[in-house]
Amino acid sequence: MPERDQAPARDPARAGKPGKAPTRDPGGKPARISATPAAREAIRRLRAARGEDLMFVQSAGCCAGSVPMCFPAGEFITGDADTLLGMVEGCPFYIDARICQSWDHPHLVLDIAPGNPEGFSLGPGGGLHFVTRMFRL
Amino acid sequence: MLYVAPGRRDSIVTVQPRYENFIGGKWLAPVEGRFRVNLTPATARPICEVADSTPADIELALDAAHAAKDEWGETSPAQRAKVLNAVADAIEAHAEMLAVTESWENGKPVRETLAADIPLAADHFRYFAAAIRAEETTITEIDKDLVAYHFREPLGVVGQIIPFNFPLLMAAWKLAPALAAGNCSVLKPASPTPWSILKLAEVIGDLLPPGVLNIVNGAGGEIGKALAANPRIAKVAFTGETVTGRLIMQYAAQNLIPVTLELGGKSPNIFFSDVMADDDDFLDKAVEGLVLYAFNKGEVCTCPSRALIQEDIYEKFMPLALARIAKIKQGNPLDTETMIGPQVSAQQLEKVSSYVEIGRAEGAEVLIGGRRAEIGGEFAGGYYYQPTVLKGHNKMRVFQEEIFGPVLAVTTFGDEAEAIEIANDTLYGLGAGVWTRDGGRAFRVGRAIKAGRVWTNCYHQYPAGAAFGGYKISGIGRETHKMMLEHYSQTKNLLVSYGTKPLGFF
């Protein structure tokens, strides 16, 4: 069963800036992210190996699309058009607000699966990559 | 005809156990000496090992490119055109070998690589060889004594990052205009398909001056930024998905360099009632036009993945299409009878399967397919998925998200206005198809769709000379047309006064 982080989502990209953290997407529905224990373990391992914080951005379209991309924290510059879905193991998880809307405000579950990461994404190693699945009860 | 798999006895493709990077006209081992296994998706077994490079290898490639750029940039257009034509001739002379290589590594059926990927790759080099010869710049007579001369100059060294779906053709799309315009390239192939371009380098490597083309293989997370954010590139070109596209633009912004991007799509393919006005060749062509979603197992940015069919013909037209889909032969990509091969990787197969499950969960009806395909024998471990059709409505996720597999989402529309509305109800704007016998309607609808390419009474043709690129989040820039030369050039203006009188200000 995927676990959800407790802390209310506070967008670290906006730390110290005025305005409220975008805990909701423009459609007004709560958007959510949770993670499987395997994904959490992978994040902890990757963070320890690299000695730096991480961030996730959900991708869409073309060859390596529809997978979450993992970068060093702050590597991918987010803006007003990005929605913070939530935090996973202390890592912010973003999605393009338009994509979030066209996917009907999903609740995503971060997991890992066989296969190397694509694009410029970091991976948990061992021939694995991060994936997102739709949350189902 | 059945081709023997690369590396086996009697194959027309030789395979070395291990491939290094191609840098400065030579094969160079990666600095840290790491290699990784490269699989064929047909059997999920290894083909060879390829370099698993680090940023140090990108720097070596940039050194080689910078050493070559001045001489190549000053080479006459006639000489550059001669080199590009020689590249095209070499591709053609080795067409069968390259086609088999490409099919085995990517999984695409060899009937496609023989008829499309490889001949087109050669033709794009010929097109840009011709374009650069015929290129003329402008002179503007500002007044009697003042003349503006415009010269086109190469940018220098460019970074090019290509996708896995057409490894050789996408390399040709990017290399031909860059080299024609006098640039040197550092090219990073996609991680799932690092090898076929190295077989191409074996064929064309000696035709290019050392350092003009440099190929570095490795994981994007390791070397992608080292190339795209490198202050030693003057331009970056990328084909892939949106997040990497944004990241590349962000790096380009930091270095203030231009960028061209070809990103995703969710292309509508619209069939108006009049396609069924007669039972003739045109109807047959339109039915095939719908089935083209399975071309290259759906791993095409312009895959016609949303079929919009006018309500009053749906009940008659769809069975014709489903009958054609049922006859698709799936199997060994090296069999010329095979029409659809495996998805390129385990990740892609997983993604396709999960999207079909999402479609089922949101109420789409599975009209055909919907499962992994069991090929058996040697191919039992291959990443095969059945050609699939889901019926639903345009708000479903399977209509909005690019699946990048042989999965068609089909729905109906009432009139022309509704067809346009549904077609444009997407974040993407790369391709579209319009099928009708009414020329006026074809024109109206084609102009109303917000996409860079609207195939009209055809689909999936990619001739050099027709501009290709995206609206909306599908990208920036237009490839496969001589206008791409502008994306790979600077304009130098010499403003020359032939007068002798001072201005009179001081």
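Note that the structure is predicted; figures quoted are calculated from it, not measured.

*Asks:* Help me out: how do you make sense of the environment of B:Ala226 in this one?
*Replies:* Residue and element names in this part refer to chain B. Structurally, Ala226 is set in helix H7 (residues 220-228). Through-space distance from the C-alpha of Ala226 to that of Val407 is 35 Å; in sequence the pair is 181 residues apart. When residues no more than four places from it in sequence are discounted, the contact partners of Ala226 are Pro55 and Ile58.

*Asks:* Any chance you could explain the interface of chain A and chain B here in plain terms?
*Replies:* Often, the extent of an interface is quoted as the loss of accessible area on bringing the components together. Taken together, the 32 residues of chain A in the interface contact 34 residues of chain B. For the side of chain A that touches chain B, the elements supplying multiple residues, two or more each, are helix H2 (97-102), strand E6 (107-114) and strand E7 (128-134) of chain A. Looking at the side of chain A that touches chain B, its residues break down into 16 nonpolar, 11 polar and 5 charged.

*Asks:* What is the right way to look at the sheet that holds strand E19 (residues 431-435) of chain B in this model?
*Replies:* Sheets are built from strands paired through backbone hydrogen bonds, the pairs being either parallel or antiparallel. Residue and element names in this part refer to chain B. The 7 strands lie next to each other as E15-E16-E17-E14-E13-E19-E20, forming an open sheet whose pairing is mixed. Each edge of the open sheet is held by one strand with a lone partner, namely strand E15 (365-368) and strand E20 (453-456). The sheet shows a mean angle of 25° between the axes of neighbouring strands, direction not considered. In terms of strand pairing, strand E13 (residues 268-271) meets strand E14 (residues 306-310) through 4 bridges, oriented parallel. Bridging across to E14, Ile270 finds its partner in Leu308. Contacts from helix H13 (residues 416-424) reach E13, E14, strand E17 (407-413) and E19 within the one sheet, and its direction differs from that of E13 by about 165°.

*Asks:* How do you make sense of the packing of helix H3 (residues 95-106) of chain B against helix H4 (residues 110-134) of chain B when you look at a structure like this?
*Replies:* In a packed pair of helices, the relevant descriptors are the angle between the two axes and the axis-to-axis distance. Residue and element names in this part refer to chain B. Put simply, H3 and H4 touch, their axes get as near as 9 Å, and they point 120° apart. Considering the angle they form, H3 stands oblique to H4. Seen from above, H3 lies across H4 with right-handed handedness. Note on element contacts: H4 touches H3 through Val110, Thr113, Leu114, Asp117, Ile118 and Pro119, opposite Ala95, Leu98, Ala99, Val100, Glu102 and Ser103. Residue classes in the contact of H3 with H4 are distributed as 8 nonpolar, 2 polar and 2 charged.

*Asks:* Honestly, the pairing of strand E9 (residues 184-188) of chain B in this entry has me stumped. Any pointers?
*Replies:* Two faces make up the sheet, and in a regular strand the side chains alternate between them. Residues and elements named next belong to chain B. For E9, the buried fraction is high: 5 of the 5 residues fall into the buried class. Burial along E9 is two-sided: the residues Cys184, Val186 and Lys188 and Ser185 and Leu187 are all buried. Sheet analysis places strand E8 (residues 157-161) next to E9, joined by 5 bridges and oriented parallel. From the neighbouring strand, Val158 faces E9, where its bridge partner is Ser185. Running through helix H5 (residues 167-180), the crossover from E8 to the neighbouring parallel element E9 is right-handed. With 3 bridges connecting them, E9 and strand E10 (residues 213-215) associate as parallel partners. Bridging across to E10, Val186 finds its partner in Asn214. In the classification by handedness, the crossover that spans E9, the intervening helix H6 (residues 196-204) and the parallel E10 is right-handed.

*Asks:* Looking at this model, I keep getting lost on helix H9 (residues 281-291) of chain B. Mind explaining?
*Replies:* Within an α-helix, residues lying three or four positions from one another point in the same direction, as the helix has 3.6 residues per turn. Within the sequence span of H9(B), burial applies to B:Ala286, B:Val287, B:Gly289, B:Leu290 and B:Val291. On the buried face of H9(B), the contacting elements are E13, E14, helix H10 (311-326) and E19 of chain B.

*Asks:* Even after reading the chapter, I still don't get the sheet that holds strand E5 (residues 45-51) of chain B, so can you show me in this structure?
*Replies:* Residues and elements named next belong to chain B. The strand order E1-E5-E4 describes an open sheet built from 3 strands, whose pairing is mixed. Looking at the sheet topology across the chains shown, the edges are occupied by strand E1 (18-19) and strand E4 (35-40). With 6 bridges connecting them, E4 and E5 associate as antiparallel partners. Each residue of the ladder has a partner; that of Arg36, found in E5, is Val50.

Definitions and cut-offs
- Residues numbered from 1 in each chain as written.
- Chains lettered and ligands numbered in written order.
- Predicted model: local features only at pLDDT ≥ 70, side-chain atom pairs only at ≥ 80, totals over all residues.
- Helix = DSSP H or I, 4+ residues; strand = E, 2+ residues; numbered from the N terminus.
- Contact = placed C-beta atoms within 7 Å.
- Nonpolar A, V, L, I, M, F, W, Y, C, P; charged D, E, K, R; others polar.
- Pairing = 2+ DSSP bridges.
- Axes fitted to C-alpha atoms, helices over the stretch in contact; angles between N-to-C directions.
- Parallel < 35°, antiparallel > 145°, perpendicular 65-115°, else oblique.
- Left-handed = near helix turned anticlockwise from the far one by under 90°.
- Buried ≥ 20, exposed ≤ 12 C-beta atoms within 10 Å, placed from the backbone.
- Right-handed = clockwise from strand over helix to strand, strands pointing away.

Treat this as a map of the structure, not an account of what it does.
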